[in-house]
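Secondary and tertiary structure notes
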Amino acid sequence: MDIIDTYSSALTSYGDNGFSFERWEKYIGSALPGLMPILVSDVKEVLQTGGFSKEDYLSVLNLVPKRSSLIETAHRSFLQVTKNMESVIYERFGKSLDVSVVFYLGLCNGAGWVTEYRGRTAILLGMEKIAELNWCSVDDMRGLVCHELGHVYQKQYGTLKREFDRDEDTLLWQLFTEGVAMCFEQIVVGDPDYFHQEKDGWKQWCDEHCRRIKRDFAEDLKTLPIAKQRYFGDWVSYNGRGDVGYYLGSRFVRYIMTIYGFDEIISFEIGQVKAMFNHFTEDI
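Residues numbered from 1 in each chain as written. Predicted model: local features only at pLDDT ≥ 70, side-chain atom pairs only at ≥ 80, totals over all residues. Heavy atoms only, no water.

1. Structural notes on the pairing of strand S6 (residues 120-126)
- Most of S6 sits out of view: six of its seven residues are buried.
- Across five bridges, strand S4 (residues 100-104) lies against S6 in parallel orientation. If you follow Tyr 104 over to S6, its bridge partner there is Gly 126.
- Here five bridges tie strand S5 (residues 113-117) to S6, and the two strands are oriented antiparallel to one another. (Buried < 20%, exposed > 50% of the residue type's maximum accessible area, 1.4 Å probe, protein only. Helix = DSSP H or I, 4+ residues; strand = E, 2+ residues; numbered from the N terminus. Pairing = 2+ DSSP bridges.)

In structure tokens form, the structure reads like this:
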């Protein structure tokens, strides 16, 4: 596991008039050569969907200097969390991960996401999004880093990405893989009821409405296009609550873990996931 920290040079992306793409281009080119095309391509893809505008991105980026204390806190948390993470993962799973963990200033690509960078799997932790979401504490950062490492674990020791023709399969696979990552977090932390999303009674609400969430998700699978999903992402909500899909995903994978081992689960095909989901939702 390789840790790449660009915190010290990130704010060179700003001038008197706020965020400067030209300055950012110099920063990213120096700190992370070759990454810029990946980030720009991601932004263009999102802009084409019509869900966000260039102004939406700039409004977040221009707030970074004003959120410098939050970003400083996030940076300290990043250093603390990543310090012994490799040894903890080996202790829990008996395996190591070939991955770069990068703390950087992106173009609002995400607080955390997994991609390929210079021929290696990389977890990109965008300080601008982390500050916007206020995921800056040690606990927040531990959850964020562990969650993305969970995706990397499935990618390197199982199968993370599969392509489907139907939105129903795509959304169910997302529930499954996010659930795997959530359970990975919980195993690393040592608490099967750990959720980094827990704030303002979030977990209690989800516990109390678990059966309803299962029923609604099962119904949405059959009727909603993937673009209308309401379970994953900070821009959507389910009955006024965010991140409900991560809760349901963890409960789903925990259910599968009563029958199969974690390292078996991460290699499941969609047919196996469907079969287990049908069993999981029998009580709705």
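So that's the structure; there's more coming.
2. Structural notes on the nonpolar core
- Residues Tyr 104, Leu 105, Leu 125, Met 141, Leu 149 and Phe 176 are the most contacted members of the largest nonpolar core, which totals 88 residues.
- With 10 residues, the top contributor of residues to this core is helix H9 (residues 167-189).
- Apart from the residues within four sequence positions on either side, Met 141 is in contact with Ala 74, Ser 77, Phe 78, Val 81, Phe 103, Leu 125, Ile 130 and Trp 135. (Core = buried A, V, L, I, M, F, W, Y, C linked by side-chain atoms within 4.5 Å. Contact = heavy atoms within 4.5 Å.)

3. A few points about the sheet that holds S5
- Taken in spatial order, the four strands line up as S1-S4-S6-S5 in an open sheet, and their pairing is mixed. One side of each edge strand has no neighbouring strand; the edge strands of this open sheet are strand S1 (2-5) and S5. When the angles between neighbouring strand axes are averaged without regard to direction, this sheet yields 30 degrees.
- When S1 meets S4, the two strands line up parallel, connected through four bridges. Among the inter-strand pairings, Asp 5 is bridged to a residue of S4, identified as Phe 103.
- Of the strands in this sheet, S4, S5 and S6 touch helix H3 (residues 36-49), which is tilted by about 135 degrees from S5. (Axes fitted to C-alpha atoms, helices over the stretch in contact; angles between N-to-C directions.)

4. Overview of helix H5 (residues 68-83)
- Under the 1.5 Å per step criterion, the end-to-end length of H5 is 22 Å for 16 residues, consistent within 8% with the ideal 22 Å.
- Here H5 has its buried residues at Ile 71, Ala 74, His 75, Ser 77, Phe 78, Val 81 and Thr 82. (Expected span 1.5 Å × (residues − 1).)

5. Considerations on the pattern of salt bridges
- All told, the structure shown has 18 salt bridges when counted by the stated rule.
- Residue Arg 212 is joined to Asp 216 by a salt bridge in which the shortest nitrogen-to-oxygen separation is 3.8 Å. Of this pair, Arg 212 and Asp 216 both sit in helix H11 (residues 210-223), four residues apart, roughly one helical turn.
- Assessed through its relative accessible area of 10%, Asp 216 is described here as buried.
- The structure contains a network of salt bridges with shared partners spanning Arg 166, Glu 168, Asp 169 and Lys 274. (Salt bridge = Lys/Arg side-chain N within 4 Å of Asp/Glu carboxyl O.)

6. Overview of the packing of aromatic side chains
- Going through the model one piece at a time under the given rule, you end up with 25 aromatic pairs.
- The ring of Tyr 157 carries Lys 95 above its face, with NZ or CZ at 5.4 Å from the centroid.
- Here the guanidinium or amino end of Lys 214 rests over the ring plane of Phe 280, the centre of that ring lying 4.4 Å away. (Phe/Tyr/Trp six-rings, centres within 6.5 Å; stacked < 30°, edge-to-face > 60°. Lys NZ or Arg CZ within 6 Å of the ring centre and 35° of its normal.)

7. Observations regarding the environment of Glu 185
- Inspection of the secondary structure puts Glu 185 in helix H9.
- Put simply, Glu 185 and Glu 55 are 130 residues apart on the chain and 34 Å apart in space, counted from C-alpha to C-alpha.
- Ignoring sequence-local partners within four residues, the contact set of Glu 185 consists of Gly 143, Cys 146, His 147, Tyr 194 and His 196.

8. A few points about the side chain of Thr 6
- Tracing the backbone shows Thr 6 in the loop between S1 and helix H1 (7-10).
- A relative accessible area of 4% means that Thr 6 is categorised as buried.
- In this structure the side chain of Thr 6 is engaged in a polar contact, spanning 2.9 Å, whose partner is the backbone oxygen of Phe 103.
- Every residue in contact with Thr 6, bar those within four places of it in the chain, is listed here: Tyr 27, Ala 31, Leu 32, Phe 103, Tyr 104, Leu 105 and Met 127. (Polar contact = N/O pair within 3.5 Å; in protein donor to acceptor, adjacent residues only side chain to side chain.)

9. Description of helix H14 (residues 270-280)
- Taken together, the buried positions of H14 are Ile 270, Val 273, Met 276, Phe 277 and Phe 280. What you see down the axis of H14 is that its buried residues fit within an arc of 125 degrees, all on one side.
- Of the surrounding secondary structure, the elements contacted by the buried residues of H14 are H9, H11 and helix H12 (244-256). (Arc of directions from axis to C-beta.)

Geometry only, nothing functional implied.
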